[in-house]
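These are the residues of each chain, in order.
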Amino acid sequence: MSYDAQFRVWRGDSETGELRDFTVPVNEGEVVLDIIHRLQATQAPDLAVRWNCKAGKCGSCSAEVNGRPRLLCMTRMSTFTPEDVVTVTPLRAFPVIRDLVTDVSYNYEKAREIPSFTPPADLKPGEYRMQQVDIARSQEFRKCIECFLCQNTCHVVRDHDENKESFAGPRYLMRIAELEMHPLDVADRRDEAQEQHGLGYCNITKCCTEVCPEHIKITDNALIPMKERVADRKYDPIVWLGNKLFRR
Ligand code: SF4
Ligand code: F3S
Ligand code: FES
């Protein structure tokens with residue numbers, strides 16, 4: 001079934017912008033990104049949108065549809081009725097460059113702050129040996145497509161730019177958890193997670209998990225276990241005594 005849909009799309013740059021209304025044809029089986037492309041082809045040739053794979057795998061087409069963080073290429077038009085107005089806006093937590101394209105460099109900065117994989121010093125490439133059972137959990141985290149929908153959604157930074165400096169966000173706290181759980185990583189990542197990357201800001205609201213298009217259980221499998229490891233360390237009587245004696 002084809003019909004004319006009502007779209008409301010945010011147009012503007014870092015300084016100013018507004019929602020603009022469009023009437024645009026929709027065909028059976030299409031996704032929101034198809035409609036944005038049709039708008040570019042027929043009514044708004046300079047409409048900026050970031051995309052690449054159109055298969056939910058590159059993480060580029062993140063935006064908000066009717067206020068919900070979504071991948072535009074995975075949001076089917078069949079989820080709306082022909083009478084619905086479909087509002088497409090840029091990710092709210094990041095500065096707008098133009099139209100639907102945002103500056104996501106916050107995420108790359110946070111990624112760079114995390115010390116990389118640290119194997120034992122005497123282990124040479126080619127000598128790494130692991131059992132599948134040891135990496136099963138952290139393997140889930142490697143499904144991440146870096147769409148940053150979780151980063152955009154977490155209330156700690158969504159409306160609080162001032163928290164960005166001290167909070168790495170769910171995606172990068174999950175990266176720390178992945179390394180902490182890695183059987184060959186010898187770095188102790190617990191202090192770093194808590195002190196430098198703001199694990200304590202997370203109060204387990206699970207909004208990050210809800211929006212993850214890869215269905216990674218970010219909160220249950222990465223953030224809560226990381227919090228438990230931090231707590232184990234903090235309340236371990238020997239660690240407590242060591243901190244008292246040597247860290248004054
Ligand atoms: Fe996207 Fe999920 Fe990765 Fe967050 S964890 S960046 S929501 S794929
Ligand atoms: Fe934010 Fe996810 Fe924690 S939404 S508060 S990082 S559970
Ligand atoms: Fe690649 Fe949507 S275009 S995830």
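Note on numbering: residues in each chain are counted from 1, in written sequence order. Whichever chain is written first is A, and whichever ligand is written first is 1; the rest continue in order. Where local features are concerned, this predicted model is filtered to residues with pLDDT of at least 70; where side-chain atom pairs are given and counted, the filter is 80 or more; whole-chain, interface and lining totals use all residues. No hydrogens and no water enter the side-chain calculation; it runs on all heavy atoms of the structure.

S.K.: Outline the domain arrangement of the protein, listing residues and values.
M.R.: Accessible area lost during the coming together of the parts is what is often quoted as the interface size. By domain assignment, the protein separates into domain 1 (3-101) and domain 2 (103-246). Residue ranges assigned to the domains are those given by an automatic or database domain assignment. Put simply, the middle of domain 1 and the middle of domain 2, counted by C-alpha atoms, are 32 Å apart. By definition in these notes, contact holds between two residues if any of their heavy atoms fall within 4.5 Å. Each side of the interface is counted separately: domain 1 has 19 residues, and domain 2 has 19 residues. A combined buried area of about 1500 Å² lies between domain 1 and domain 2, and 52% of that area is made up of carbon and sulfur atoms. Defined here as a combined quantity, buried area equals the accessible surface (1.4 Å probe) lost by two parts on assembly, summed across both. Considering only the surface of domain 1 that becomes buried against domain 2, Arg92, Ala93 and Phe94 emerge as the three largest contributors, covering 39% of it. A salt bridge links Glu64 to Arg158; its shortest N-O distance comes to 2.9 Å. Polar contacts, as used here, are pairs of N or O atoms within 3.5 Å; protein pairs need one atom able to donate a hydrogen and one able to accept it. Residues neighboring in sequence count only if both atoms are side-chain atoms. One can count 9 residue pairs in polar contact (both at pLDDT 80 or more) joining domain 1 with domain 2. For this classification, Asp, Glu, Lys and Arg are treated as charged, while Ala, Val, Leu, Ile, Met, Phe, Trp, Tyr, Cys and Pro are nonpolar and the rest, including Gly, are polar. When its residues are assigned to classes, the side of domain 1 that touches domain 2 shows 10 nonpolar, 4 polar and 5 charged. Any carboxyl oxygen of Asp or Glu that lies within 4 Å of a side-chain nitrogen of Lys or Arg is treated as forming a salt bridge with it.

S.K.: Lay out the confidence of the model for the protein in plain terms, naming residues and giving numbers.
M.R.: Scored by pLDDT, the protein comes out at a mean of 94, with 94% of its residues at no less than 70. The complex model carries a pTM of 0.92, and its ipTM stands at 0.99. Residue-level confidence of the predictor, termed pLDDT, takes values from 0 up to 100.

S.K.: Tell me about the pairing of strand 3 (residues 62-65), residues and numbers included.
M.R.: The side chains of a regular strand alternate between both faces of the sheet. Taking every second residue as pointing to the same face, both faces of strand 3 are buried, with Ser62 and Glu64 on one and Ala63 and Val65 on the other. Summarising the sheet, strand 3 and strand 4 (residues 68-71) pair through 4 bridges and their orientation is antiparallel. The residue of strand 4 that forms the bridge with Ser62 is Leu71. For two strands to be treated as a pair, DSSP must find no fewer than two bridges joining them. Elements are defined by DSSP. Helices are runs of H or I of four residues or more, strands are runs of E of two residues or more, and each kind is numbered from the N terminus. Here strand 3 folds back onto strand 4 in antiparallel fashion, the turn holding 2 residues, of which Asn66 has a positive phi close to 50°. Throughout, exposure labels follow a simple rule: accessible area from a 1.4 Å probe, protein chains only, divided by the maximum for the residue type, with under 20% read as buried, over 50% as exposed, and the rest as partly exposed.

S.K.: Give me the layout of surface pockets: which residues, what numbers.
M.R.: For each structure, a 1 Å grid was placed over the protein atoms alone; sets of points admitting a 1.4 Å probe that cannot get out are labelled cavities, open sets with protein on both sides within 12 Å along at least five of seven lines are labelled pockets, and lining residues have an atom within 4 Å of a point. Grid points are joined across faces, edges and corners, and a volume is the space filled by probe spheres set on the points. Its boundaries defined by the atoms lining it, the largest pocket holds a volume of some 410 Å³. Pro69, Arg70, Leu149, Glu210 and Val211 are the residues nearest the centre of the largest pocket, which is lined by 18 residues in total. Elements with a contribution of two residues or more to the lining of the largest pocket: strand 4, helix 4 (149-153) and helix 8 (207-211). With 4 residues, strand 4 is the largest single contributor of residues to the lining of the largest pocket. Residues that form the lining of the largest pocket fall into these classes: 8 nonpolar, 5 polar and 5 charged.

S.K.: Please provide a residue-by-residue account of the side chain of Glu178, values included.
M.R.: Positionally, Glu178 belongs in helix 6 (residues 170-180). Polar side-chain contacts of Glu178 include one of 2.9 Å to the side chain of Arg142. Apart from the residues lying within four places of it in its own chain, the contact partners of Glu178 are Ser138, Phe141 and Arg142.

S.K.: Describe helix 2 (residues 105-113), listing the residues and the values that go with them.
M.R.: Within the sequence span of helix 2, burial applies to Tyr106, Asn107 and Lys110. Buried residues of helix 2, seen end-on, are gathered within an arc of 95° and therefore sit on one face of the element. Buried residues in helix 2 make contact with helix 4, helix 5 (155-158) and helix 6. Here, the arc refers to the directions that run from the helix axis to the C-beta atoms.

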